[in-house]
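Descriptive structure summary
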Amino acid sequence: MRAVVFDAVRSQPEVREVPEPQVPADGVLVQVSATGMCRSDWHAWAGHDDIALPHVPGHELAGVVVAVGPQVARWRIGDRVTVPFVCGCGRCEWCLSGNAQVCPDQQQPGFTHWGSFAEVVALHAADVNLVAVPDDVDFATAASLGCRFATAFRAVVGRARVREGEWVTVVGAGGVGLSTVMIARALGARVVAVDRNPEALAVAREVGAEHALLADGTDIPAAVAALTGGGSQISVDAVGSEQTLANAIHSLRRRGRHVQIGLLPPVDGHPRVPMDRVIGWELDLLGSHGMAAADYPAMMALIGEGRLAPQRLIERTIGLEEAAALLPAFDRATVAGMTMVDPRR
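Residues numbered from 1 in each chain as written. Predicted model: local features only at pLDDT ≥ 70, side-chain atom pairs only at ≥ 80, totals over all residues. Heavy atoms only, no water.

What about the pairing of strand E4 (residues 60-68)?
The following threshold applies: At least two DSSP bridges between two strands are required for those strands to pair. Numbered from the N terminus, helices here are DSSP runs of H or I no shorter than four residues, and strands are runs of E no shorter than two.
The pairing of strand E3 (residues 28-37) with E4 spans eight bridges and is antiparallel. Along E4, the bridge assignment pairs Thr35 with Leu61. Where E4 and strand E5 (residues 80-82) come together, three bridges link them in antiparallel fashion. Each residue of the ladder has a partner; that of Val64, found in E5, is Arg80.

Okay, here's the thing in structure tokens:
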């Protein structure tokens, strides 16, 4: 099969012919029809995750089942499927309670094993982790759910427990940030979007942001406080840096809730957190790590009703060769939405 491969941390990825993965006994092989390129893929390439080399990245995907392991009961060859980027084991107490996203024995395509920047990908514990894709949902839309959109949904609904009329400040208007904006607005919240890219902020307004703040040296927390009458009830850092984290936390009003989605790798030491504000204002700090397949029905229902339209967040679709060229600079890419990869191109 054709796949994007890199042999060393920060080496140039390239498209090669490599062997197809073996089907797991409890899993399936999926022919990839669409897979998203995400900042998390860049983190893996940059050496911020413990991966085995050579490596094939890619972790949000949709496609068709082409092989089924002997222990799989629910799925057949030809099924249209997607999957959360965290695949739980299906046996531990967290999986059994519906929280596979924090499974201690989780598998993650593109991290724990070869991922979906390829024509075929292996997925584990299929009966627990796979989600059926309806015939009227295209594969690119389904792939967009697996990481950024589902992560944003859990962050807003499951972790922050947003209520109608609350202010939500979203720092970062990439794929996960725009997803957060759309979901928060659909649930009746009022949204302030923050980004350094004017084009991304324009999209944020299109999908529901009431205000858009350009991160150009402006005092973001002060601007949020002025717009919201004292700060937001909820803040979300969808980037993952010391500065974006600080801006998000300082944008909260007293007793607010902060959700951290963006990864905070210890590139220059562990990032500082303004804990004096957290303690003095009794702020809640919440992590959010994907979303289990068991939680997909509520999100799918809102998509079916037309209240959520993740397909609006797809900016472009590229092939494997373009994906290999783009990945090393993706942390600096000024995209205004999601980038999808079609391995068939």
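After that view, the rundown keeps rolling.
Things to note about helix H5 (residues 175-186)
The criterion, for reference: Any helix carries an expected span of 1.5 Å times its number of residues minus one. The buried label goes to any residue with under 20% of its type's maximum accessible area, the exposed label to any with over 50%, and the partly exposed label to all in between, with areas taken from a 1.4 Å probe on protein chains only. Should any heavy atoms of two residues lie within 4.5 Å, those residues are considered in contact.
Here H5 is twelve residues long and its end C-alpha atoms lie 17 Å apart, about the 16 Å a rise of 1.5 Å per residue gives. A large share of H5 lies buried, amounting to eleven of its twelve residues. Buried residues of H5: Gly175, Val176, Gly177, Leu178, Ser179, Thr180, Val181, Met182, Ile183, Ala184 and Ala186, and no others. Here the buried face of H5 lies against helix H4 (139-159), strand E8 (167-171), strand E9 (190-195), helix H6 (198-206), strand E11 (232-237) and strand E15 (338-341). Gly188, located one to two residues past H5, shows a positive phi value of around 95°.

Comments concerning the state of the cysteines
Operational definition: Two cysteine sulfurs form what is called a disulfide whenever their separation falls within 2.5 Å.
This model, assessed by the stated rule, comprises zero disulfides. With no disulfide of its own, Cys95 lies closest to Cys92 among cysteine sulfurs, the gap being 3.7 Å. Of the cysteine sulfurs around Cys147, a residue in no disulfide, the closest is that of Cys38, at 4.0 Å. Residue classification places Cys147 among the buried positions, given a relative accessible area of 6%.

Here's the deal with the nonpolar core
The condition is simple: Side-chain atoms within 4.5 Å link the members of a nonpolar core, which is a set of buried Ala, Val, Leu, Ile, Met, Phe, Trp, Tyr and Cys residues.
Among the nonpolar cores identified, the biggest contains 53 residues, and Phe149, Val168, Met299 and Leu308 are the most heavily contacted of them. At the level of elements, H4, E8, H5, E9, H6, E11, helix H10 (296-304) and E15 are the ones that each hand at least two residues to this core. The biggest single contributor to this core is H4, with eleven residues. Sequence-distant contacts of Met299, that is, excluding residues within four places in its chain, are made with Leu145, Phe149, Ala150, Phe153, Met291 and Leu308. In this structure, Trp42, Ala44, Ala118 and Phe330 belong to the second largest nonpolar core, which totals 29 residues.

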